[in-house]
Amino acid sequence: MGRRLSVERIANILKIITVSGGATFTELMRATGIPRASLARYLNYLKLRGYIRKKRGRWVPTSKSGGEAVTEEDILKVLCIIAYSIVREQGDLAVVREVCRKVL
């Protein structure tokens, strides 16, 4: 991905999907305020890494993201992993250290 990813945006998307058990693209756009093209990029990022999948027109969590029985702690642990992946790709290791310190 050429553009920088925001851990905060990914956290918000993942939290909405996991807590609600799934959401449509339109529901996510309304709930997050993320522009269409950016949201599509974030969803694709999460899908390619196995955290979400599309089921009957809704984005739903996979077992990798905690599945349906998810706690806030589960979400935070997944976000730490995602943050680390993003930072490895983008190069700002200080961000991942701070995120993981808060989570773990």
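Structural data are supplied above this passage.
Calculation criteria
- Residues numbered from 1 in each chain as written.
- Predicted model: local features only at pLDDT ≥ 70, side-chain atom pairs only at ≥ 80, totals over all residues.
- Heavy atoms only, no water.
- Helix = DSSP H or I, 4+ residues; strand = E, 2+ residues; numbered from the N terminus.
- Buried < 20%, exposed > 50% of the residue type's maximum accessible area, 1.4 Å probe, protein only.
- Pairing = 2+ DSSP bridges.
- Phe/Tyr/Trp six-rings, centres within 6.5 Å; stacked < 30°, edge-to-face > 60°.
- Lys NZ or Arg CZ within 6 Å of the ring centre and 35° of its normal.
- Salt bridge = Lys/Arg side-chain N within 4 Å of Asp/Glu carboxyl O.

Participant: Help me understand the environment of Ser38 in this model?
Facilitator: By the secondary structure assignment, Ser38 is in helix α3 (residues 36–48). Here Ser38 falls in the buried class, since its relative accessible area comes to 14%. In sequence terms Ser38 and Arg9 are 29 residues apart; their C-alpha atoms lie 9.8 Å from each other.

Participant: Looking at this structure, I do not really get the pairing of strand β2 (residues 58–61). What am I missing?
Facilitator: Each regular strand shows side chains that alternate between the opposite faces of the sheet. Across four bridges, the pairing between strand β1 (residues 52–55) and β2 is antiparallel. Residue Lys54 lies in a different strand from β2, and its bridge partner there is Trp59.

Participant: Help me out: how do you make sense of the packing of aromatic side chains in this one?
Facilitator: Each aromatic ring pair is described using two quantities: the centre-to-centre distance and the angle formed by the ring planes. Under the definition given, this model contains zero aromatic pairs. Sitting above the plane of the Tyr42 ring, Arg41 keeps its charged end 5.3 Å from the centroid.

Participant: What should I look at first to understand the pattern of salt bridges in this one?
Facilitator: Side-chain pairs of opposite charge can arise where the charged atoms are in close proximity. Under the defined criterion, the tally for this structure stands at one salt bridge. Across the pair Glu27 and Arg58 runs a salt bridge, and its minimum N-O distance is 3.2 Å. Taken together, the positions of Glu27 in helix α2 (residues 25–32) and Arg58 in strand β2 put the pair 31 residues apart, joining distant regions of the chain.

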